[in-house]
Amino acid sequence: MEKTAQQRYQDWMESSALDETSKQELAAIASDGKEIEERFYRYLGFGTAGMRGILGAGTNRMNLYTVRHATQGLAQYVLAKGGADKGVVIGYDTRYYSDTFARETARVLVANGIRVYLFTTIHATPEVSFAIRYYGSASGVMITASHNPKEYNGYKAYGPDGAQLPPEGSDMISSFLEKIDLFDGIKLISDEELDNSPLLTRIGEEVDEAFLNAVQKISIDSDVIRSVADDFKLVYTPFHGTGLRPVTEILKRIGVKNVIVEPNQAKPDPAFPTVVSPNPENPEGFAMAIELAKKENATIIVGTDPDADRVGVVVRDAEGEYRVLTGNQTGALLCEYILSSKQAKGLLSPKSTIITTVVTSDIGRVIAAHYGVQVVDVLTGFKWIAEKIAQFEETGSNVYELGYEESYGYLPGTYARDKDAVGTVMLIAEMAASYQAKGMTLYDALMALYEKYGYYEDKTVSVVMPGKDGMQKMADMMAHVRSDMPSELGGVAIKTRQDFLSGKQVNADGSVEPIKDIPSSDVLKFMLADDKTFVAIRPSGTEPKIKLYLSSAAESRSEAQSQVNYLLGAVRSYLGL
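Overview of the structure. What you see is a predicted model; the values in this text were computed from it and never measured.

Angle between the axes and distance between the axes are the two parameters that describe a pair of packed helices. The N-to-C vectors of helix 13 (residues 327-344) and helix 14 (residues 363-370) enclose an angle of 10 degrees; their axes lie 9 Å apart at closest approach. Comparing the axis directions of helix 13 and helix 14 gives the class roughly parallel. Between helix 13 and helix 14, the contacting residues are A332, C335, E336 and L339 on the first element and I363, G364, I367 and A368 on the second. Here the contact of helix 13 with helix 14 is composed, by residue class, of six nonpolar, one polar and one charged.

Here the focus is the sheet that holds strand 3 (residues 116-119). Taken in spatial order, the six strands make up an open sheet running 1-5-4-2-3-6, and their pairing is mixed. The two strands at the open ends of the sheet, each matched to only one other strand, are strand 1 (51-54) and strand 6 (200-203). Here the average twist between neighbouring strands, direction ignored, is 15 degrees. Two strands pair when backbone bridges link them, and strand 1 and strand 5 (residues 152-158) are joined in this way by four bridges, in the antiparallel orientation. Note on strand 5: the bridge partner recorded for R52 is G154. On the sheet, helix 4 (residues 64-80) packs against strand 1, strand 2 (88-92), strand 4 (139-143) and strand 5 and is oriented at approximately 5 degrees with respect to strand 5. Packing of helix 5 (residues 98-111) onto the sheet brings it into contact with strand 2, strand 3, strand 4 and strand 5, and relative to strand 2 it is tilted by some 165 degrees.

This brings us to the pattern of salt bridges. This model, assessed by the stated rule, comprises 31 salt bridges. A salt bridge links D307 to K156; the shortest N-O distance between them is 3.4 Å. Taken together, the residues D307 in the loop between strand 9 (300-304) and strand 10 (311-316) and K156 in strand 5 connect sequence positions 151 residues apart. Both residues of the pair, D307 and K156, belong to the buried class. A salt bridge links R253 to E249, with the nearest nitrogen and oxygen atoms 2.7 Å apart. Pair noted here: R253 and E249 are both in helix 11 (residues 244-253), with a separation of four residues, about one helical turn.

This brings us to the environment of E394. Tracing the sequence through the fold places E394 in helix 15 (residues 382-395). Residue class for E394 comes out exposed when judged on its relative accessible area of 70%. Distance in space between the C-alpha atoms of E394 and K438 is 40 Å, their sequence separation being 44 residues.

Interaxial distance between helix 13 and helix 16 (residues 421-437) falls to 10 Å at its minimum, and their mutual angle equals 70 degrees. Taken as axis vectors, helix 13 and helix 16 run roughly perpendicular relative to one another. Crossing angle aside, the handedness with which helix 13 passes helix 16 is left-handed. Listed contacts from helix 16 to T330, L333, L334, E336, Y337 and I338 of helix 13 are T424, L427, I428, E430, M431, S434 and Y435. For the contact of helix 13 with helix 16, a count of residues per class yields eight nonpolar, three polar and two charged.

Cut-offs and rules
Residues numbered from 1 in each chain as written. Predicted model: local features only at pLDDT ≥ 70, side-chain atom pairs only at ≥ 80, totals over all residues. Heavy atoms only, no water. Axes fitted to C-alpha atoms, helices over the stretch in contact; angles between N-to-C directions. Helix = DSSP H or I, 4+ residues; strand = E, 2+ residues; numbered from the N terminus. Parallel < 35°, antiparallel > 145°, perpendicular 65-115°, else oblique. Contact = heavy atoms within 4.5 Å. Nonpolar A, V, L, I, M, F, W, Y, C, P; charged D, E, K, R; others polar. Pairing = 2+ DSSP bridges. Salt bridge = Lys/Arg side-chain N within 4 Å of Asp/Glu carboxyl O. Buried < 20%, exposed > 50% of the residue type's maximum accessible area, 1.4 Å probe, protein only. Left-handed = near helix turned anticlockwise from the far one by under 90°.

So this is what it looks like as structure tokens:
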């Protein structure tokens, strides 16, 4: 019989393995039944994105013990795959305890006889993905909670291809974890034994150099940067994360002379003191950078999240005001720039392909069609984009040009198999310089893109539902929608209803057809009768919130905005939000 939260709490309090600080932390909540329930009602889930949670003591928290437990499961997975000699790459970002968790991961792996390649300073997630392929490792771990608030940390697990583990890998680790006691089932060596072990390799600057060289190779037209370098100004903020060194270095290498770093957000700091959340999706995080850009008369601002795998962009409009782009807008601009530039150089082929997700704006599809480029849709999560890249390379069926998500994640090359803000910032700078050489800003370019392809308006809304009650609310909400699928929203008929969990599409006439080539996932998507508007609903895989995605296209921007806003009201009403 599965233990209750209270029983797990008692097990922790009575364990001789629990450190004194954690014991005192738990003793302080002895009379708080709700807090005990939140911390112990489950084990922090190990999914395809690894695990992520609030820092603190408990089975449903990120701490030394849950990190060791996860690593013991990973160790058994690596051993089962015969990967002990190939080893595991470990990296970490600037969050609280990231460096400690990285060393704990190494201590467990080496105790299991597995070679370890350990970054000894903060590094970006895409470089960890790159390093796995560089060393030919069996796996990798990145200690990060990406763009989550400061209270969080996380544990991303990777396969030998440098991509986050697919479901079969995470399921295998989860099956191991069910049989491993969190305190007594862990193999562990001391710090001194780790430092003296022949199985430990400390990663040095050679990987940094190899990574930056690989990134620079995807540059399409660095000459254009040099042509406007004296007048081109870019403000950059790393949001207290890992991006400062690699981003400024790659910009320097391609000839960007005037990179102005926001000084208040440059220093690595796990408290992220200048932002509510270090997420480039949140416009308020750019307030300081915008003030700096005004002072310096910069035309563009870029910001990267703590592990430098996501990037946000702020552009100056015709009135001189700074506007934060959505992830879809940045993705559309990159699509247009990459495909038009490569077409001009004769670098596109009938096999050229971009990869987007089922909740990404359709404007990328329209742009791709204009250039005769194929589009492949996948589920949200870069592991699915990475899986397609691997298929392309194995079969030769397609040539990868770009993969992106609406959530500010882009991968403009195949050197890594996770989203990469470093390479993306490089191409954004190149793209902005290219338009500047034509007398245009990126905002002008966006307006020209809408004039060319139609006005697309997209909105992503997150409804936070924290704790155990929130998890149940999200599950109940998704179950309710599935049991009573709408035929219209806001008086507008729904043409197709896609349930990616069942893998079925229900059409307006009641006919049912399978959704092909996409794995099962807890996502619902409704395409309205105009064939230009959709709504998607999914629980976040990394945060306690449900996400609504809305997209519409129209003849004018105001019409598209009006349609999306109206539809959002209808969806909220339907869901009771």
